[in-house]
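Here is how the chains run, residue by residue.
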Amino acid sequence: MSVAATPTTRPGLALPVIRRWRLGATFAVLSLLSLLLIGIDPAPATVTFRLAEKHDAVRLADIDLPAVATGWVLSALMLLLAVWALMRGARGANPPVWASTLFWAAFVVAMLVWAVSHADAHSLSLPGLLAGSLALSVPLIFGSMSGLLCERSGVVNIAIEGQLLFGAFAAAVVGTVTHSAWAGLAAAMIGAMLVSLILAVFSIRYLVNQVIVGVVVNVLVSGLTGFLYSTVLSRQATTLNSPEHLPDWSVPGLSRIPVIGPVLFDQSLLVYVMFGVVALIWYGLNRTRWGLRTRAVGEHPQAADTLGVNVNRLRFGNVLLAGAVAGMGGAFFTLVSVSAFNKDMTAGQGYIALAALIFGRWRPGGALCAALLFGFATNLQSVLSLLGTTVPSQFLAMLPYVVTVAAVTGLVGRTRGPAASGQPYVKE
């Protein structure tokens, strides 16, 4: 019996071996990339990172770094950490969290120094970079929270893109007609809930494949909003497509703290709402009866049904709630970021939000961090382009999508979603 069992166990052992080496190999490739860039195209300049602006209460001194020396030191540090990770992988262990954090911090700083050293102005404002990154992350965070509510209930939400887009459209129209940004925000939530209603009815009631329904909904919303924009909104922009802005709020005192003050405490009210939504979803999933039932329905709906939980009713309600959350993300486009609706203005951010959910391992905090990472990558290419860097902007623009591919293919580590996600439930 032992001889016969041997061939069946070997394939199962290959995957853990690959996982042991994956992190170390990733570190090694990125370290060599950093060394290659510095060796082939060095820029003998001094890079300045500004930590404070003129209006800050406390002025921190700028950080001046010699580009070439900093690049070599950080690359050597990354290479040492890569070798250590490979050695630990040979023993079947991953490096500790602090080592991985140190590696990624060194990699980001090395790439920033290299890119800014090739710019016309060898200086970069860190508060401005971080504030812009947070602003670009807001729709992604709302979208990932929408996907989280659905998938932890067992429903795959591919329709995040459509929810964001229709929320932006509804916010623009209603906000313009009523001359109220808050009415536009409410309309965005209701409009996205209507999109979620289509997803819920077809995937839960009629048991249609959830991925197919999500894709069809996205195409439907894109076509509908594009048609209405071309035939109605573009011709009556003043009366239908000029919404009011949601107000900004600067927290007294805290907004003048260097670096983090302008980033966290001088934002639109919708940004503060976003952080509150993330905290409420975390608390609800982990500390309430609703959260326990939601997690049970997403992992084992038969067991939840046995205990008296109405599986499909709970899924239906959570999908509608997810639509309301995504609607707030859509409202950000037209009530905060841009003062008008444009055709397909979400530009695929719903799909990146879904990747952030996977990257964050279906946890609110993880999805929040992943969305912030995507927003940072997106804003970085814009900032460097404005600085006049010689680095092709096309390569920088690809970065969020490269991270997206890495997330959904599992290159960032092993991920496992809710066991019943995507599986319709029929009560026997």
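Just above sits the structure.
Definitions and cut-offs
- Residues numbered from 1 in each chain as written.
- Predicted model: local features only at pLDDT ≥ 70, side-chain atom pairs only at ≥ 80, totals over all residues.
- Heavy atoms only, no water.
- Patch = residues over 30% accessible without salt bridge, like charges linked within 9 Å, V, L, I, M, F, W, Y side chains within 5 Å.
- Areas by Shrake-Rupley, 256 points an atom, 1.4 Å probe, with all protein chains shown as cover.
- Salt bridge = Lys/Arg side-chain N within 4 Å of Asp/Glu carboxyl O.
- Helix = DSSP H or I, 4+ residues; strand = E, 2+ residues; numbered from the N terminus.
- Buried < 20%, exposed > 50% of the residue type's maximum accessible area, 1.4 Å probe, protein only.
- Expected span 1.5 Å × (residues − 1).
- Bend = angle between axes of the 7 residues up to and from the residue.
- Core = buried A, V, L, I, M, F, W, Y, C linked by side-chain atoms within 4.5 Å.
- Phe/Tyr/Trp six-rings, centres within 6.5 Å; stacked < 30°, edge-to-face > 60°.

Peer 1: What is the right way to look at a nonpolar patch on the surface in this model?
Peer 2: A contiguous nonpolar patch, built from I198, F202, Y206, V208 and L220 and spanning about 450 Å² of accessible area, is present on the exposed surface. In this structure, I198 sits in helix α6 (residues 181-205).

Peer 1: Even after reading the chapter, I still don't get helix α14 (residues 349-359), so can you show me in this structure?
Peer 2: Within an α-helix, residues lying three or four positions from one another point in the same direction, as the helix has 3.6 residues per turn. Taken across its eleven residues, α14 has nine buried, putting it largely inside the fold. Where α14 is concerned, the buried positions are Q349, G350, I352, A353, L354, A355, A356, L357 and I358. Immediately beyond the C-terminal end of α14, within one or two residues, lies R361, with a positive phi of roughly 60°.

Peer 1: What is the right way to read helix α13 (residues 311-337) from this model?
Peer 2: For α13, with 27 residues, the first-to-last C-alpha span of 38 Å sits near the 39 Å given by 1.5 Å per residue. The sharpest bend along α13 comes to roughly 35°, located at A331. With 20 of 27 residues buried, α13 lies mostly within the body of the structure.

Peer 1: How should the nonpolar core be read in this particular structure?
Peer 2: As a rule of thumb, nonpolar side chains are buried together in soluble globular proteins. Of all hydrophobic cores here, the largest spans 66 residues; its most connected members are F142, M145, L270 and F341. Those elements that place two or more of their residues in this core are α4 (126-151), α5 (160-178), α6, α7 (210-233), α10 (269-287), α13, α14 and α15 (364-387). Looking at which element gives the most residues to this core, the answer is α4, with ten residues. Core analysis: the second largest hydrophobic core is formed by 16 residues, F49, A119, L124 and L384 among them.

Peer 1: What exactly am I supposed to notice about the packing of aromatic side chains here?
Peer 2: Remark: the centre distance and the inter-plane angle together describe each pair of aromatic rings, the angle taken between the planes. All chains considered together, the criterion is met by eleven aromatic pairs. With 5.7 Å between their ring centres and 40° between their planes, W84 and W98 make a pair best called tilted. Here W84 is found in helix α2 (residues 67-90), whereas its partner W98 is found in helix α3 (residues 97-117), with 14 residues between them in sequence. For W98, a relative accessible area of 54% translates into the label exposed. Relative to Y272, the ring of W249 has its centre 5.8 Å away and its plane inclined at 75°; by these criteria the two rings are edge-to-face. One end of the pair, W249, is in strand β4 (residues 248-250); the other, Y272, is in helix α10, with 23 residues separating them in the sequence. A relative accessible area of 44% means that W249 is categorised as partly exposed. Owing to a relative accessible area of 22%, Y272 belongs among the partly exposed residues under this scheme. By the ring-pair criterion, three or more aromatic residues cluster together here, those being F27, F103, W104 and F107.

Honestly, that's just the spatial picture; any functional story needs more than this.
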